[in-house]
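# Coordinate inspection notes
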Amino acid sequence: MHFAQLPQMEAAAVPADGLLLDVREDDEWTAGHVEGALHIPMGQVVARFDELTAKVGEGQRVHVMCRVGGRSAQVTQYLVAQGLDAVNVDGGMLAWDAAGRPMVSGPDGTAAGAFVL
């Protein structure tokens, strides 16, 4: 599968109750993330694959996100190859923020003002 064939979805179209996998690094996550998202940095996805599959319900799609969409595209490609229904969130957190979708920040997930994504 080439990136051009990769399943993608606009940030505004991600269902509010959808399973969101954030593959950014810890400092990026702390700066701002989607409340309820599963955070597994890209470099840990293979080692923590069972943690992800434990969260995926039957027929549930995994919406994969990073800052702008490059890392999440790679992870989406891996997840699809493993048989999961996964889709890359086009534009990542930057597109999420631009669409006015809600975020939280800080290690405790408290709401904050301006995000440094």
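Residues numbered from 1 in each chain as written. Predicted model: local features only at pLDDT ≥ 70, side-chain atom pairs only at ≥ 80, totals over all residues. Heavy atoms only, no water.

As recorded in an unreviewed UniProt entry, the chain goes by Rhodanese-related sulfurtransferase and comes from Streptomyces melanosporofaciens.

## Focus on the pairing of strand 4 (residues 62-65)
With burial as the criterion, each face of strand 4 is covered, one bearing Val62 and Val64 and the other bearing His63 and Met65. Relative to strand 4, strand 2 (residues 19-22) runs parallel, the two being bridged by four bridges. Looking across to strand 4, one finds that leucine 21 is bridged to valine 64. The pairing of strand 4 with strand 5 (residues 86-90) spans three bridges and is parallel. Residue pairing across strands places histidine 63 opposite valine 87, the latter belonging to strand 5. In this fold, strand 4 hands off to helix 3 (residues 70-81), which returns the chain to strand 5; that crossover is right-handed. (Buried < 20%, exposed > 50% of the residue type's maximum accessible area, 1.4 Å probe, protein only. Helix = DSSP H or I, 4+ residues; strand = E, 2+ residues; numbered from the N terminus. Pairing = 2+ DSSP bridges. Right-handed = clockwise from strand over helix to strand, strands pointing away.)

## Some thoughts on the sheet that holds strand 2
Strand order in the open sheet formed by five strands is 1-5-4-2-3, and the pairing between neighbours is parallel. Of all strands in the sheet, those bounded by a partner on one side alone are strand 1 (8-10) and strand 3 (38-39). Strands strand 2, strand 4 and strand 5 of the sheet are contacted by helix 3, whose axis makes an angle of about 170° with strand 5. (Contact = heavy atoms within 4.5 Å. Axes fitted to C-alpha atoms, helices over the stretch in contact; angles between N-to-C directions.)

## So, the pattern of salt bridges
On inspection of all chains with the given rule, the structure shows four salt bridges. Here arginine 61 ties to aspartate 85 by a salt bridge, and the two come within 3.1 Å at their closest N and O atoms. Of this pair, arginine 61 sits in the loop between helix 2 (49-55) and strand 4 while aspartate 85 sits in the loop between helix 3 and strand 5, and the two are 24 residues apart along the sequence. Take arginine 61: its relative accessible area is 33%, and that puts it in the partly exposed class. (Salt bridge = Lys/Arg side-chain N within 4 Å of Asp/Glu carboxyl O.)

## Describing the packing of aromatic side chains
Tallied over the entire structure, the rule returns one aromatic pair. Centroid distance phenylalanine 49 to tyrosine 78: 6.0 Å. Interplanar angle 80°. Geometry classified as edge-to-face. Taken as a pair, phenylalanine 49 in helix 2 and tyrosine 78 in helix 3 lie far apart in primary sequence, 29 residues in all. Positioned over the ring face of tryptophan 96 is arginine 101, at 4.2 Å from the centre of the ring. (Phe/Tyr/Trp six-rings, centres within 6.5 Å; stacked < 30°, edge-to-face > 60°. Lys NZ or Arg CZ within 6 Å of the ring centre and 35° of its normal.)

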